[in-house]
Amino acid sequence: MAGRGFQGMNYSYCLTAVLLVIISLTTTAMAKFVVEKNSLKVLSPENIKGTYDSAIGNFGIPQYGGTMVGTAVYPKENQNGCKTFDTFNIEFKTKPGGLPNVVLVNRGDCYFALKVWNAQNAGAAAVLVSDDREEPLITMDSPEEDSSAAEYLQNITIPSALIEKEFGDKLKVAINKGDMVNINLDWRESVPHPDDRVEYELWTNSNDECGAKCDTQLEFVKNFKGAAQILEKSGYTEFTPHYITWYCPQAFTVSKQCKAQCINHGRYCAPDPEQDFSRGYDGKDVVLENLRQLCIFKVANESNRPWTWWDYVTDFHIRCPMKEKKYTKECAEKVIQSLGLDAKKVEKCMGDPNADAENPILKQEQDAQVGHGSRGDVTILPTLIINNRQYRGKLDKGPVLKAICAGFQETTEPTVCLSDDMETNECLKNNGGCWQDKKGNITACKDTFRGRVCECPLVDGVQFKGDGYSNCEAAGPGRCKINNGGCWHSTQDGQMFSACLDTQTSGCKCPPGFRGDGVDKCEGKKAEEGKVGWAAVWVVLLGLAAAAVGAYVVYKYRLRSYMDSEIRAIMAQYMPLDSQGEIPNHVNNETL
């Protein structure tokens, strides 16, 4: 098994029929294996500095989309890592201010996963397993046949990788010489990220009695269902379920084993769930339920509800478990009805399992199992494939979601990939080194799943243009409504003056009568005219005031002269004035 260093067929834990064992091993021997790798770069010492390949372990949590810089450590004792390190008083916990420790151990004597588990318990941040033979890199898989391993497999949380013997020997020599060996583990390109949509598929099984592997995949489906449906409904992902079947050789199709484990005359088979032909369910029951789940996905997809598959699989395993003898067609139909699916369409899709003919749905699954392009044959159950690249690591919601997020082109990730526990939040420190307008609260820094990018933003429909690091300017129609396009503006005499024109797609220009750079200042004739205008107003006002005072003085003078002449005339009637001659007194004469 691959758990001890051989990448082989990982279904042998449940193959009980001799014929199917032979078929599966033959298929494996002819299979096309593709080992999923991550880049490993030695930063120091100088004599081994460079980039090397490493094969990602199929357990633990690889840091998809991220990197880890650490110091390589090779223990003086327990160098194969098969015993607990505390037995030797060895620990690898990171000291304050120091780099995390990446522990190097030798291959052999125990399972890969056990080595990593022991190193993790001693404080290791990651584990490198040095091969003990000259051969191409293989995938370190989990030990399926060891039931005791299930106790620690799900608790391994650090990444691990297998390295070639020659490279491992170089690391050992450098460490033993006392050199500081700093390495950078890089998973950023482990998952292709060509565009804004991720295509992924899960090769699974409806059998719930195959041990720890089945329990793991059922738990994953239940826990990941919510995230999967949100991503699918929003158009961020395209998910496809798959199921593996084998065939029975033509010469044995009438045998008891083939009849119990196969449908369509030996064309599509599955191992007995309980590994006991005398009791319980048969392999053909599993094949039929696998086919039913494929058809449910097909029918749901045709009605634009492909995410219903997650509901059915979860509900079926809750309502129809093998242990309670409910793994039946009748129970499945009740689940189908409760989800509002068309049972007749599902039945028609499944076809006749007793027919001596190909089933198009299952035939398509067998063809899809064969590797193509950069993807190898599917040989590990369960297998998750993201953007045509096999996922390696713990089948759990957090690690899988992180791997899917790594499959999006940068800046196109959905918000679920930018949560606090997923993104790096590099924009929080010094604005990520990007351009920003503090006054307008506008920044070119955008957090991504992998880090950050400096891109001029789009604000209220207005696109900023520039390098994103030192300069971003609003451009195009409507730019002047965003912080006045970054141009000078002022209000004078109740009138608004601006150096930004919507008719221009970029730049700032002082308005007519003003001079300046248009960005920080505009000064000139208008300002001077404003000052002169106010002076003229004051001169006019003062002139008017002087004229009014003069007019008032003249008026008062003429009024006084008129009053004087009137008084003199009145007084002249009653008494002589010095200037008048004697006037005869007619009254006295007449009286006398």
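Cut-offs used in this document
What you see as residue numbers is a count from 1 along each chain, following the sequence as written. pLDDT decides what is reported in this predicted model: residues at 70 or higher carry local features, side-chain atom pairs at 80 or more are listed and counted, and totals for whole chains, interfaces and linings draw on all residues regardless. No hydrogens and no water enter the side-chain calculation; it runs on all heavy atoms of the structure. Geometry is summarised by axes, namely lines fitted to C-alpha atoms with helices restricted to the contacting stretch, and by angles between N-to-C directions that run from 0 to 180 degrees. Numbering of helices and strands runs from the N terminus, with a helix taken as a DSSP run of H or I at least four residues long and a strand as a DSSP run of E at least two residues long. In this scheme, roughly parallel covers angles under 35 degrees and roughly antiparallel covers those over 145, while 65 to 115 is roughly perpendicular and the rest are oblique. Note on convention: near helix rotated counterclockwise from far helix by under a right angle means a left-handed crossing. Clockwise means right-handed. Note on contacts: a residue pair qualifies if any of its non-hydrogen atoms lie within 4.5 Å across the two residues. Amino acid classes used here: Ala, Val, Leu, Ile, Met, Phe, Trp, Tyr, Cys and Pro are nonpolar; Asp, Glu, Lys and Arg are charged; the rest, including Gly, are polar. Classification of ring pairs rests on two measures: the distance between centres of Phe, Tyr or Trp rings, Trp counted by its six-membered ring, which must be within 6.5 Å, and the angle between planes, read as stacked under 30 degrees, edge-to-face over 60 and tilted in between. Only protein chains enter the accessibility calculation, which uses a 1.4 Å probe. A residue is then buried if its area is under 20% of the maximum for its type, exposed if over 50%, and partly exposed in between. By this definition, two strands are paired if DSSP reports at least two bridges between them. The rule for a salt bridge is simple: a side-chain nitrogen of Lys or Arg has to be within 4 Å of a carboxyl oxygen of Asp or Glu.

A. Expanded view of the packing of helix α5 (residues 212–233) against helix α8 (residues 308–319). Close contact between α5 and α8 brings their axes to 9 Å; oriented N to C, the two are set at 150 degrees. One element, α5, and the other, α8, form an angle in the roughly antiparallel class. Here the hand of the crossing between α5 and α8 comes out left-handed. The residues of α8 that touch α5, namely those facing Leu218, Val221, Lys222, Phe224, Lys225, Ala228 and Gln229, are Trp310, Asp311, Val313, Thr314 and His317. Looking at the contact of α5 with α8, its residues break down into 6 nonpolar, 3 polar and 3 charged.

B. Local environment of the packing of aromatic side chains. Inspection of the entire model under this criterion finds 17 aromatic pairs. Arranged with centres 3.8 Å apart and planes meeting at 10 degrees, the rings of Tyr52 and Phe167 form a pair that is stacked. One end of the pair, Tyr52, is in strand β2 (residues 50–56); the other, Phe167, is in helix α4 (residues 165–176), and 115 residues separate them in sequence. The exposure class of Tyr52 is buried, given its relative accessible area of 17%. Considering the side-chain rings of Phe220 and Phe224, the 5.1 Å spacing of their centres and the 15 degrees angle between planes classify their relative orientation as stacked. Of this pair, Phe220 and Phe224 both sit in helix α5, 4 residues apart, which is roughly one turn of that helix. The exposure classification of Phe220 matches that of Phe224, with both residues buried. Here the aromatic residues Tyr200, Phe220, Phe224, Phe239, Trp309 and Trp310 are joined through ring pairs into a cluster of three or more.

C. Looking closely at the sheet that holds strand β20 (residues 473–475). Taken in spatial order, the 3 strands of this open sheet run β18-β19-β20, and their pairing is antiparallel. The sheet terminates laterally at β18 (458–459) and β20, the two strands that pair on one side only.

D. Representation of the pattern of salt bridges. This structure, assessed with the given rule, holds 16 salt bridges. Note that Asp169 and Lys165 form a salt bridge whose closest N and O atoms lie 3.1 Å from each other. A residue pair is termed a helical-turn pair when its members lie 3 or 4 positions apart in one helix, as Asp169 and Lys165 do in helix α4 at 4 residues. Overall, Lys165 belongs to the partly exposed group, its relative accessible area being 26%. Salt-bridge contacts for Lys326 lead to Glu324; the nearest nitrogen and oxygen are separated by 3.3 Å. Given the relative accessible area of 37%, Lys326 is considered partly exposed. Of the residues examined, Glu324 reaches a relative accessible area of 48% and is grouped as partly exposed.

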